[in-house]
Structure formats: C-alpha cells, structure tokens
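Commentary on secondary and tertiary structure
Listed below are the residues making up each chain.
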Amino acid sequence: MANKVRKTAEAALEGVLFDGMTIMAGGFGLCGIPENLIAAIRAAGVKDLTVVSNNCGVDDFGLGILLAGGQIKKMISSYVGENKLFEQLYLAGKLELEFNPQGTLAERIRAGGAGIPAFYTRTGVGTLVAEGKEIREFDGERYVMERGLTADLAIVKAWKGDRAGNLVYRKTARNFNPMMAAAGKLTIAEVEALVEPGALDPNAIHTPGIYVDRILQGAVYEKRIERATTRPREAVGAAAGEEV
C-alpha cells in the first residue's frame, strides 16, 4: 500500500500546486476547515486560484488569508456575508463570483464526485441564478440545469483518520468535507488524530481511504468561532427568584 502520510502541510502539497488551478476547500463557516493546508497554500504564493467553498472565511482567517494575499481569482460559493474584503474586491471588479444556493452547491459537488456531469433542479428558476442556463420542463414544472463540480485539488479536514486515508468527521465538520473528498482529482486530508489502520470502527468511517491521496496530522488548530452571540449572565440568585 502506498504511503499516504506526510509530516507537514507543506510536504503534503509538494508538487501539487500551480497557478490557475481549482481548489475545493471543506468547511462550513469556520467549522471543519483545513486550517493548516490553507496556511501552507498562502505561504506557497500560488495565484489566480478558483476556489470552491461554501464561504470564504473571515478577513484574517481561513480562506480569507488567500483573499488578502491576492491569490484568489474566482470564488464558487453560497455565502459570503462575513468577509468585508470579499465584498470590497467583488464590488471593485477584482474578484469573480459564481453564486449558488447552498443546496445546489452541495449537489453540484456531490454530482462531480459521483461522475454525474449535470442535473436539473427547481431551485433558482426565474431568478438571476438561472440566467444563461438551460431550462427544461418535467411533469409541468420548470427546472434549471446545473453542472457538476470537480477540482484539481480538494483539501478537507477530519477529526480522525488512519494511515490508509479513511476519515471520520465530527459533528458540523461533516458538512462539505465528505463530498469534496470525492470530487477532487487529488485529495489531501488533515486530521486532528492520525491512527493506525484498524483503529477506526469501519461502520463509523465517513470517507473511505480510496478517495484520499495524502493525509497529515494538523500541527495547530485555532478553531475560531465565526460570530459569537451570548446572553448577559444573570446575577447570582436571580434564577432562584431571590432579590439581588
């Protein structure tokens, strides 16, 4: 069996990156993003990237650091509301955007990984999303054709993985990561815990190792919260109805 393990994110990306490539990056907001691989791509300085991701991080974290470095030419996304730099670049005509309803983006990626070149959906019919796309009628309803998505490289983040590349995601991180792992021509996974083959419950594996070409244990994870909203803490005794 080929050795898929790399010691660092830089080593995992060796010989993979080139200007103008398409990269899929897993995650939802800042949850489940491949932090170490993104940082290594930033350091590599590769440019003119097309990035497929639910969103583009925030201004100083996640994919936002690639925007700040002028490395992204086009985003294929469904949500961009947390990144001010994204807004500025787009309105200035310095960033291309292919906007997708979130479910459509997920299905485009899933279709690409399954070898399905296109599919029809009712979502977006009669809106800007459908402009320039084929419209067909099925059973009296109008549908818009959407193309499946693939990428030169998929970077994903999992909770646990073994040396064979089998992956287990944790909670919300099981979002775009599994489908992107299948849709990349080459897939690199970073994990919080790297274990030996046989240590993972076969019934709990979300991404089989057949989809993963290289794997590394991430060095550092900040796991930032995109936007924290909290309630004021009640005074001691107030919850019990006492005077305070």
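In case you missed it, the structure is sitting above this.
Residues numbered from 1 in each chain as written. Predicted model: local features only at pLDDT ≥ 70, side-chain atom pairs only at ≥ 80, totals over all residues. Heavy atoms only, no water.

1. A few points about the side chain of E190
Summarising the element assignment, E190 is placed in strand β10 (residues 187–195). One buried charge, E190, has no salt-bridge partner; the nearest side chain with opposite charge is K157, at 6.6 Å. Beyond its immediate chain neighbours, meaning those up to four positions away, E190 contacts I33, P34, E35, N36, L37, V156, K157, A158, L216 and Y221. (Helix = DSSP H or I, 4+ residues; strand = E, 2+ residues; numbered from the N terminus. Buried < 20%, exposed > 50% of the residue type's maximum accessible area, 1.4 Å probe, protein only. Lys, Arg positive; Asp, Glu negative; His and termini not counted. Salt bridge = Lys/Arg side-chain N within 4 Å of Asp/Glu carboxyl O. Contact = heavy atoms within 4.5 Å.)

2. Digging into the packing of aromatic side chains
Inspection of the entire model under this criterion finds two aromatic pairs. Taking the centre distance of 5.5 Å and the plane angle of 80 degrees together, the rings of F138 and Y143 count as edge-to-face. For Y143, a relative accessible area of 22% puts it in the partly exposed group. Through a chain of ring-to-ring contacts, the aromatic side chains of Y120, F138 and Y143 assemble into a single cluster. In this arrangement the basic side chain of K157 is found over the ring face of Y221, its NZ or CZ atom lying 4.8 Å from the centre. The ring centre of W159 lies 4.6 Å from the NZ or CZ of K160, which sits over that ring. (Phe/Tyr/Trp six-rings, centres within 6.5 Å; stacked < 30°, edge-to-face > 60°. Lys NZ or Arg CZ within 6 Å of the ring centre and 35° of its normal.)

3. As for the nonpolar core
L37, I41, I72, L153 and I155 are the most contacted members of the largest nonpolar core, which totals 27 residues. Breaking this core down by element, the ones donating at least two residues are α1 (9–12), β1 (22–25), α2 (35–44), β2 (49–52), α3 (64–68), β3 (72–77), α4 (84–91) and β8 (153–162). Of all the elements, α2 adds the most residues to this core, at four residues. The residues touching L153, leaving out its near neighbours within four places in the chain, are L13, V16, L17, M21, T22, I23, M24, L186 and I188. Residues M24, I76, A158 and I215 belong to the second largest nonpolar core, which totals 22 residues. (Core = buried A, V, L, I, M, F, W, Y, C linked by side-chain atoms within 4.5 Å.)

4. Structural notes on the environment of Q102
With respect to the element layout, Q102 can be found in helix α5 (residues 102–114). Remark: the alpha-carbon pair of Q102 and N55, spanning 47 residues in sequence, is separated by 9.9 Å. When near neighbours in sequence (up to four residues on either side) are disregarded, Q102 contacts F28, N54, S78 and F176.

5. Digging into the side chain of T121
Tracing the backbone shows T121 in strand β5 (residues 118–121). Of the polar contacts made by the side chain of T121, one reaches the backbone nitrogen of T123; its length is 3.2 Å. Filtering out sequence-adjacent residues up to four positions away, T121 remains in contact with T104, Y143, V144 and E146. (Polar contact = N/O pair within 3.5 Å; in protein donor to acceptor, adjacent residues only side chain to side chain.)

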